[in-house]
Amino acid sequence: MTDDTQQAEAKAGAEARRDAERSDDAEALAGLSTAPVDEEDGPRGGEGAGDGAAGAGSFGGRREPGARGALAWLGRECAGWARWFWRQLTSMRVALILLFLLALASIPGSMIPQDNVNAPLAEDFRERNPALSEFYETFQLFNVYSSVWFSAIYLLLFISLIGCIVPRAWQFVGQLRARPPRAPRRLSRMPAYTTWRTDAAPDDVLAAAQRRLRRRRFRADLREDGPGGAHVAAEKGYLREAGNLVFHLALVVMLVAFAAGRLWYSEGGKLVVQGEGFSNTLTQYDDFESGTLFDVNELEPFGFRLDEFHSDFSRESVDLGTPTLFRADVTWWDQEGAERAAEIEVNDPLHVGDSRVRLLGHGYAPVVTVTDAQGELAFHGPVPFLPQDTALTSTGVIKVSTYTGPDGEPDQLGFQGFFNPTYNIDAERGPHSTFPEPDLPVLTLNAFHGDLGVNSGLPQNVYQLDTSDMEQLRDEETGDLFRFNLVPGQSVELPEGMGTLTFDRLEQWASFQITTKAGNEWALASSLAAVVGLAGSLLLQRRRVWVRAFTGDDGHTVVEMASLGRTESAKVPEELADLAERLQPDAPLVPDEAAGTPAGTADTADTAETADTAETAEAAVDTAADTEEPAESAAAEGARP
């Protein structure tokens, strides 16, 4: 046999040993995580893909001649592309991109007025920015959360999560039912390793190791089928993967809860003057919207009355005008009719069944009495004025649709102007308020007569006055436009004997939002579960421990222990050292007769460093290349959506 032949055989034997060791290491690493692998492969040829240009670079492989061959190739091509697309959609990279896009898509919804949140503000934006609004309309930016592109991102993320959870959960169940993997042939290749000699019998050492590991809540199994002989295989940290699955599942439940909240919800607003009430029926709302699947006939049967509203504002120079108290004292009743007293504050809503009554804002409603030219009562009641600034400078209108003029003919009156709780006037701002409390309440109005347009059949805003078919009254003496100021208790004579207007007193009003949303409890529970699952996936470490005991050449029992974690961590060798120390009473060290020192050591770091450096480096590269999944970081795996 020549030297070249011997070298070739030796090289082949070394390759075979390395292949066997790589296989052992891959088996030891297998299943430490169920995280899906991001496959970077694109379209590639199938069987026979390289045999000719027809099949090269495709999923379909080689295309056989004829129509049948073309159809078979097309089927393989479509199936291959479908599998590739599914792998990409359920990969961690795409899921993170979809999460980023979802967050990015939410930005316009918080910056651009939304029709379903504040329709008047959105309409005002359209009037002030006609060109930009046309662009926004094209891309549905006034209805971001119900737009086609936002829904597409939402649904793709939903499908991606489902595609991740189902196979991952199935693999995890299989791991829970499977035995811990057997030990590799050479435990010294593991990141944490220790060995020593003892006089205890190998079977006794393995039994003690299995007992000790189970006490530490490892799932330990005594195996006889390992390549290196009998050993104990143990595994711990399954809750890490359970935390990952809980996190993913919680995200799915959260998405479902949000979707249900948009489909089965109702939301409406109501302005209630002090002393008046509200019944939860559709006709009672000032504005109302609901989800696609919500039935307005299923509104919660209840009502309430605003007994008194309490407000207070700071008079300190630094916080002047800052509200310190907003509270609505109400009496509410349900379908049984029993009345109950309650207090509603800004962050403390009233709960009635599935409905929530929230306090949104407040303002003032002057109580006004109008008599016509014949001295008859034409109007009496509170008129809410809407605040325009933090000092509650308010605007409003009074519409008198039933009125008889001086000539005895029916007519209509309209008044518009300001109400200022603490009155002030200057050349720059005109009438305005300097403090939100009614220190000097003044009602400032202009008067019109003519057609209010309330009988046209077209809807009108109760807080706006259409003066297109009306004429403003003028002062009889000066000929100027008629304008007047009133404080509570004062009256004014209208020009040309058209009657009187009296500012009787001042009431307060409060605006309420009544909402019914499905899935709130599920959304809260899933949010908490996601936090718990993410914490578990980040803080827990999945690891394996192997203990091997066999009789050495000198007749003593050789004990080997090794540990492997999903990711590098200083706790893995520390835990192995602690386990080795706890096993010492059952497998005490024997002295090294040659050196007069204890044989072996439980110092995992020193033992690992004495291994052949080149071989260890090669083994690390081979192990990383042959594992069934990439070495992701713990944070990335825990945050996998």
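The rules behind the values
- Throughout this description, residue numbers start from 1 for each chain and increase along the sequence as written.
- With the structure being a predicted model, the display of local features is reserved for residues of pLDDT at least 70 and the display and counting of side-chain atom pairs for 80 or more, all residues being used for whole-chain, interface and lining totals.
- For the side-chain quantities, the full set of heavy atoms in the structure was used; hydrogens and water were omitted.
- Strands here are runs of E lasting at least two residues and helices are runs of H or I lasting at least four, both read from the DSSP assignment and numbered beginning at the N terminus.
- Relative accessibility under 20% of the residue-type maximum defines a buried residue, over 50% an exposed one, and the middle range a partly exposed one, all with a 1.4 Å probe and only protein chains included.
- Contacts are assigned to residue pairs that have any heavy atoms within 4.5 Å of one another.
- Only the protein chains shown count as cover for residues, and the accessible areas themselves come from Shrake-Rupley with a 1.4 Å probe.
- The axes used here are C-alpha line fits, helices contributing only the stretch in contact, and every angle between their N-to-C directions lies in the interval 0 to 180 degrees.
- An angle counts as roughly parallel when it lies under 35 degrees, as roughly antiparallel when it exceeds 145, as roughly perpendicular when it falls between 65 and 115, and as oblique in every other case.
- Left-handed describes a crossing whose near helix is turned anticlockwise from the far helix through less than a right angle; right-handed describes the clockwise counterpart.
- When DSSP locates at least two bridges between a pair of strands, those strands are taken to pair.

Draft legend 1. Examining the overall build of the protein chain more closely. Helix and strand counts for the protein chain come out as 13 helices and 25 strands. Residues classed as buried in the protein chain amount to 44% of the 641 residues present. Residue pairs at least 24 apart in sequence account for 65% of intrachain contacts in the protein chain once pairs closer than 6 positions are excluded. For the protein chain, the accessible surface area stands at approximately 33,600 Å², while carbon and sulfur atoms represent 55% of it.

Draft legend 2. Molecular detail of the packing of helix H3 (residues 92-111) against helix H6 (residues 148-177). Remark: H3 packs on H6, axes separated minimally by 10 Å, with the N-to-C direction vectors making an angle of 150 degrees. Judged by the angle between their axes, H3 and H6 are roughly antiparallel. The chirality of how H3 crosses H6 is left-handed. Between H3, through Ala-95, Leu-98, Leu-99, Leu-101, Leu-102, Ala-105 and Ser-106, and H6, the contact on the second element is made entirely by Trp-149, Phe-150, Ile-153, Tyr-154, Leu-156, Leu-157 and Ser-160.

Draft legend 3. Geometry of the pairing of strand S24 (residues 557-565). Of all nine residues making up S24, nine are buried, and the element is well covered by its neighbours. Burial along S24 is two-sided: Thr-557, Val-559, Met-561, Ser-563 and Gly-565 and Val-558, Glu-560, Ala-562 and Leu-564, pointing in opposite directions, are all buried. Pairing of strand S1 (residues 192-198) with S24 involves seven bridges; the strand directions are antiparallel. Within S24, the position partnered with Thr-195 by the bridge is Glu-560. When strand S23 (residues 543-551) meets S24, the two strands line up antiparallel, connected through nine bridges. Across the sheet, the residue bridging to Ala-549 is Val-559, located in S24. From the end of S23 to the start of S24, which pair antiparallel, there are five residues, and Gly-555 there has a positive phi angle of about 90 degrees.

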